[in-house]
Amino acid sequence: MQSSPTANSLKGMKKALLAATVVASALTASLVAAPAASATGWDLPWNNHHSRTTSIPFTEATVTAGADGRFTLKWKAQGTKRVEIKANGKVVAKGGAQGTAVVSGLPAADRQWFDFEPDRGEGLRLADRLIKLEGAVNFRDAGGYRTTNGQWVKMGEVYRSDALNKLTAADLAKLQRLRVKNVFDLRMESERTTDPDKVPAGAKYTVADVFAGSGSFQALPKSPDEAVKAMVDAEKAMVSGEGGKKAYNQVFEGLERDRDRAVLFHCTAGKDRTGWANAALLTALGVPSDTVMADYLASNDYRKAANDAVLSHLPAPQAAVYKPMLDVRAEYLNSGYDEVKAKYGTFDRYLKDGLGVDSRELKQLKKDLLVG
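Throughout what follows, the structure given in this document is the object of discussion. Worth saying up front: this structure is predicted, and the values here are computed from it rather than measured. Sequence order as written defines residue numbering, which begins from 1 separately in each chain. Residue-level local features of this predicted model are given only where pLDDT is at least 70; pairs of side-chain atoms are given and counted only at 80 or more, and the full residue set underlies all totals for whole chains, interfaces and linings. Side-chain numbers come from the whole structure's heavy atoms, not from hydrogens or water.

Attention now moves to the overall build of the protein. Counting its regular elements, the protein contains 13 helices and 14 strands. For every residue, the accessible area (1.4 Å probe, protein chains only) is compared with the maximum for its type, and the residue is labelled buried under 20%, exposed over 50%, or partly exposed between those bounds. Burial status across the protein gives 51% buried among its 372 residues. Taking the intrachain contacts of the protein between residues at least 6 apart in sequence as the baseline, contacts between residues at least 24 apart amount to 71%. Of the accessible surface of the protein, which amounts to about 17000 Å², a share of 51% is contributed by carbon and sulfur atoms. Counting from the N terminus, the helices are the DSSP runs of H or I reaching at least four residues and the strands are the DSSP runs of E reaching at least two. We call two residues in contact whenever any of their non-hydrogen atoms come within 4.5 Å of each other. In short, Shrake-Rupley with a 1.4 Å probe defines the accessible areas, and a residue's cover is counted only from the protein chains shown.

A word on the packing of helix α6 (residues 273-285) against helix α7 (residues 289-297). Two numbers describe how α6 lies on α7: the axes approach to 10 Å, and their chain directions differ by 160°. Viewed along their axes, α6 and α7 adopt a mutual orientation that is roughly antiparallel. Crossing hand, α6 versus α7: right-handed. Across the interface between the two elements, Gly275, Asn278, Ala279, Leu282 and Thr283 of α6 pack against Val292, Asp295 and Tyr296 of α7. The nonpolar class holds Ala, Val, Leu, Ile, Met, Phe, Trp, Tyr, Cys and Pro. Asp, Glu, Lys and Arg form the charged class, and all remaining residues, Gly among them, are polar. Here the contact of α6 with α7 is composed, by residue class, of four nonpolar, three polar and one charged. Orientation is described by axes fitted as lines to C-alpha atoms, over the contacting stretch for helices, and by angles from 0 to 180 degrees between their N-to-C directions. Any angle that is under 35 degrees is reported as roughly parallel, and any over 145 degrees as roughly antiparallel; angles of 65 to 115 degrees are reported as roughly perpendicular and all others as oblique. Definitions for this section: a left-handed crossing has its near helix turned counterclockwise from the far helix by less than a right angle. A right-handed crossing has that turn clockwise.

So, on to unusual backbone geometry. In this structure, Asn88 is a non-glycine residue whose phi angle is positive, near 55°. Phi angles above zero are rare outside glycine, and Arg179 is one such case at about 70°.

What follows concerns the sheet that holds strand β2 (residues 71-77). Here, a strand pair is defined by DSSP locating no fewer than two bridges between the strands. Across the sheet, which stays open at both edges, the three strands sit in the order β1-β2-β5 with antiparallel pairing between neighbours. Single-partner strands in this sheet number two, and they are β1 (58-65) and β5 (98-103). The sheet shows a mean angle of 10° between the axes of neighbouring strands, direction not considered. For β1 and β2, the ladder comprises seven bridges, and the chain directions are antiparallel. The residue bridging Glu60 from the neighbouring strand is Lys76, located in β2.

A regular strand places its side chains so that they alternate between the two faces of the sheet. The alternating pattern of strand β13 (residues 263-266) places Val263 and Phe265 on one face and Leu264 and His266 on the opposite face, and all of these are buried. Bridging between strand β10 (residues 158-161) and β13 involves four bridges; their strand directions are parallel. Counterpart to Ser161 in the pairing with β13 is His266. Taken together, the four bridges between strand β11 (residues 182-185) and β13 define a ladder with parallel strand orientation. Looking at the pairing, Phe184 lines up with Phe265 of β13.

With mixed pairing, the five strands of this open sheet are ordered in space as β8-β10-β13-β11-β12. A single partner strand is all that each edge strand has here, and the edge strands are β8 (140-141) and β12 (204-207). Strand direction decides the pairing type here: β11 and β12, joined by four bridges, are parallel. Pairing of Val183 across the sheet is with Tyr205, part of β12.

This next bit is on the environment of Gly202. By secondary structure assignment, the location of Gly202 is in the loop between α3 (189-194) and β12. Separated by 21 residues in the primary sequence, Gly202 and Lys181 place their C-alpha atoms 6.8 Å from one another.

A word on the environment of Val321. By secondary structure assignment, the location of Val321 is in helix α10 (residues 316-326). Classification of Val321 as buried rests on a relative accessible area of 8%. With 96 residues separating them in the primary sequence, Val321 and Asp225 have C-alpha atoms 8.0 Å apart.

Between 30 and 60 degrees the pair is tilted, below 30 it is stacked and above 60 it is edge-to-face, where a pair is any two Phe, Tyr or Trp rings, Trp via its six-membered ring, whose centres lie within 6.5 Å. For the structure on display, the rule yields eight aromatic pairs. Ring geometry for Phe58 versus Phe116: centroids 6.0 Å apart, planes at 85°, classification edge-to-face. Of this pair, Phe58 sits in strand β1 while Phe116 sits in strand β6 (residues 114-118); the two residues are 58 residues apart in sequence, bridging distant segments of the chain. Taking the relative accessible area as the measure of exposure, Phe58 reaches 0% and is therefore buried. We note Arg129 situated over the ring of Tyr145; from NZ or CZ to the ring centre the distance is 4.0 Å. By definition, being over a ring means that NZ of Lys or CZ of Arg is both within 6 Å of the ring centre and within 35 degrees of the ring normal.

For the rest of this paragraph, the subject is the packing of α7 against helix α11 (residues 330-344). Put simply, α7 and α11 touch, their axes get as near as 10 Å, and they point 130° apart. In this view, α7 runs oblique relative to α11, as classed from their interaxial angle. α11 is crossed by α7, and the crossing has right-handed handedness. Between α7 and α11, the contacting residues are Val292, Met293, Tyr296 and Leu297 on the first element and Ala330, Tyr332, Leu333, Asn334 and Tyr337 on the second. The residue inventory of the contact of α7 with α11, partitioned by class, reads eight nonpolar, one polar and no charged.

The following block contains the structure:
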């Protein structure tokens, strides 16, 4: 007997919900509603700290790869008069303390790296954040961001991604060349069983199930508002749920312990469970909240084509309910920080009491992942 269209739609919705991490633990009654974000922003470790001068003069520096093989380079370097940018050891662009350059004609590479070299102070080694793969659309570098005290998060050390089950042999070879040595799978057992990971040869694979022990999803949202609430509750569960605390402890321990990086963490869409993992890491390293938010919201851009394809196959009423679960929104991430404040008071206490990251481990993590 064939299933009805309605039944098939519900099955599709349920699968989509799981992929969007709206699961039972996100709706547990034990969660306490967090206070609204304050007008002064999140209660972060550096809110009242003054910036210090570092050896890196760059206040801004980015590499953006175009579909046509060209690279757009932008920079601002305070207190300098001249900046040279090298690729493969050769100068490909130069300018003053502030500039934009477009570079083309470079040989094919897994990632094209650029060395930003000022006439005074320490330089930066940067690449485009997105890693282009055949079997993933949201695989990107966690680094390349400036902290509030003028240091920079190294690139090529930590990666974040959506599901790895569709990676091709060429993708896996590329990740092996990029030194991906440690993979943390943040997905539930049902996701791992249905779509098992493909990992690069020689990489260590670790299950870090954010929603472990939560049971299965029992109810589908019936309206866009219910869907938004489910996503907000899911974010809170990532912070204060037992599975979330254990999983993110595993990730931070792996980052601090692994001297032979790169480390990769991922979920299904690479936006919610992975989004909080990366937001927590960047926050711990001292990256400003607006930069953390921009990195989080970038999943909307990287996943746009895939999300639009899903929505186009749903009836309009179902698409309206489903869209909030495909999105990342500021209120989702903010609810995670609100939960940190409600449960732990400060982000430092969340790191210490929630994730077991003490001051010594945090200091080591910053030493390993920051330059300047």
